[in-house]
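Here is how the chains run, residue by residue.
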Amino acid sequence: MRGMDEDAGTEGEGRREEMAGLAKGLSVLLAFNHDHPSLSLSEIATITGLAPATARRCLLTLQSLGYVGSVKRRFFLRPKVLDLGAAYLEALDIERLASVPLTELANATSDSASISVLDGEDIIYVARASVRTLVRLEAHVGSRFPAFATAMGRVLLAALPDPMLRAFLDKAAIAPITEKTVVDRDQLFDLITQVRKDGYCAVEDELAYGVVSLAVPLKDQGGRTIATLNSASHSKRYAKDQLVAERLDHLRGVADQISRELRRLPSGNGLLPVADTVALGR
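Below you will find a few notes about this structure. Keep in mind the model is a prediction, meaning the values are calculated, not measured. (Residues numbered from 1 in each chain as written. Predicted model: local features only at pLDDT ≥ 70, side-chain atom pairs only at ≥ 80, totals over all residues. Heavy atoms only, no water.)

**Focus on the packing of helix H2 (residues 20-29) against helix H4 (residues 52-64)**
Orientation of H2 relative to H4, taken along the N-to-C sense of each, is 80°, at an axis distance of 9 Å. The pairing of H2 with H4 is recorded here as roughly perpendicular in orientation. Where H2 approaches H4, its residues Lys24, Gly25, Val28 and Leu29 are matched on the opposing element by Thr54, Cys58, Leu59 and Leu62. Of the residues that constitute the contact of H2 with H4, the class distribution is five nonpolar, two polar and one charged. (Axes fitted to C-alpha atoms, helices over the stretch in contact; angles between N-to-C directions. Helix = DSSP H or I, 4+ residues; strand = E, 2+ residues; numbered from the N terminus. Parallel < 35°, antiparallel > 145°, perpendicular 65-115°, else oblique. Contact = heavy atoms within 4.5 Å. Nonpolar A, V, L, I, M, F, W, Y, C, P; charged D, E, K, R; others polar.)

**Concerning the packing of aromatic side chains**
Enumeration according to the criterion identifies one aromatic pair in this entry. Between the aromatic rings of tyrosine 125 and phenylalanine 145, the centroid separation amounts to 5.7 Å while the plane-to-plane angle is 75°, which identifies the pairing as edge-to-face. Here tyrosine 125, found in strand S5 (residues 122-130), pairs with phenylalanine 145, found in strand S6 (residues 144-146); they are 20 residues apart in sequence, far enough to count as distant. For tyrosine 125, a relative accessible area of 8% translates into the label buried. Phenylalanine 145 sits in the buried class, given a relative accessible area of 12%. In this structure, lysine 80 is placed above the aromatic ring of tyrosine 67, and the distance from its NZ or CZ to the ring centre is 5.0 Å. Over the ring of phenylalanine 189 we find arginine 166, and its NZ or CZ is 3.7 Å from the ring centre. (Phe/Tyr/Trp six-rings, centres within 6.5 Å; stacked < 30°, edge-to-face > 60°. Buried < 20%, exposed > 50% of the residue type's maximum accessible area, 1.4 Å probe, protein only. Lys NZ or Arg CZ within 6 Å of the ring centre and 35° of its normal.)

**Notes on the pattern of salt bridges**
Side chains that carry opposite charge are capable of pairing whenever their charged atoms lie near each other. Within this structure, the stated rule accounts for ten salt bridges. Residues aspartate 122 and arginine 144 are paired through a salt bridge, measuring 3.3 Å at the closest nitrogen-oxygen approach. A residue pair is termed long-range when its members are at least 10 positions apart, and aspartate 122 in strand S5 and arginine 144 in strand S6 qualify at 22 residues. (Salt bridge = Lys/Arg side-chain N within 4 Å of Asp/Glu carboxyl O.)

**Focus: the environment of leucine 262**
Assignment of secondary structure puts leucine 262 in helix H10 (residues 240-262). With 41 residues separating them along the chain, leucine 262 and glutamine 221 place their C-alpha atoms 9.3 Å apart.

**Some remarks on the environment of isoleucine 226**
Here isoleucine 226 shows up in strand S9 (residues 225-234). On the basis of relative accessible area, isoleucine 226 is assigned to the buried category, the value being 7%. Between the C-alpha atoms of isoleucine 226 and aspartate 276, which are 50 residues apart in sequence, the distance is 9.5 Å.

**Details of helix H8 (residues 162-171)**
Of all the residues in H8, the buried ones are Leu165, Phe168 and Leu169. On an axial view of H8, the arc spanned by its buried residues comes to 95°, and they lie on one face. Opposite the buried face of H8, by more than 90 degrees, sit the exposed residues Pro163, Asp170 and Lys171. On the buried face of H8, the contacting elements are helix H7 (151-157) and helix H9 (185-198). (Arc of directions from axis to C-beta.)

**Observations concerning the nonpolar core**
Ranked by size, the top nonpolar core spans 31 residues in total, and within it Leu118, Ile123, Leu157, Leu160, Leu165 and Leu169 carry the most contacts. Those elements that place two or more of their residues in this core are S5, H7, H8, H9, strand S7 (201-204) and helix H11 (274-279). In terms of residues, this core owes the most to one element, H7, which gives five residues. Counting 28 residues, the second largest nonpolar core, distinct from the first, contains Ala98, Leu214, Leu243 and Leu248. (Core = buried A, V, L, I, M, F, W, Y, C linked by side-chain atoms within 4.5 Å.)

This is the structure we're talking about:
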C-alpha cells in the first residue's frame, strides 16, 4: 500500500508534469463563444486573466497553427478548432452507435431525441436526431446548457451521492432563465433526489418557454449513470405529465438498447460515471 508521503510526492510530480503554456492556450480558445465570436487582445486578457503579453503569445501560436484568425486587431476562431471536438466524438463513437435508435425514436415521436454528458456545470450534447425544430431552442451536437435547469442535467446529477450533489449545487452558477426555472438550491436538491428514486426526469419551460423534455439515464456494466437520453417536444403539444405518460416506457426501452451498445465500447472511451467526472473536475 502506498504511504501518504508517496501519494503527496506523486501529486507534486503530476503538477510539475503539467504544461502551463498548453493550459493558457486552451483558456484562450475557450474565451470565444456565442456572445463573443470575436475578441481584441485586451478582451482576451481580461476574460482569461492572462497578462496581455502572454495572451498575445498564445494567440500568435494558435494563429500559426490555424486555430485562430484575425482582422483589424480582432481575433476569431477558425474551422480547424472543430477538429478538437471531432477527435473526442470519434473516440467516443457514440454518434455511430446511437444513430439508428436515436433516429427511430425521433421518427416515432415526430420530435427530437438527444444524448448528453456532464461537463462542469453544463450538459453537452454528444448525439442528436430531430424531426421537429423547437421554436425557442435549437440544439446540436456540441450545444451546452446549464445542468440544473434541464431534464438531462438533473438525471446526470441524480447519479451523485448526496454530499457531492450538495457541493455541486452550492458552487454552481444558478440563475433564472425563465419565470419557471427552479433556482432554490434546496428545492433543486429535493427534485434531483426524487429523480434518483423515479429513474427519470421531466422539465417544462424551465430552460426555454415552449420546451418540454423527458430524460432517462444511460448506464455502464456496473449500473452507473454515464450519460442521458431525452425526448423533447413543444409544451403546447405536450404537458410534462402527458409526455411522461406517453413516452417513458418507450424512452426506457431505447435507453436500454443504447446502453447495451455503449458497453461494447473499449475502456478509455471517455464515458466516465458521473460521480467520477465530477470528482475529476471535468
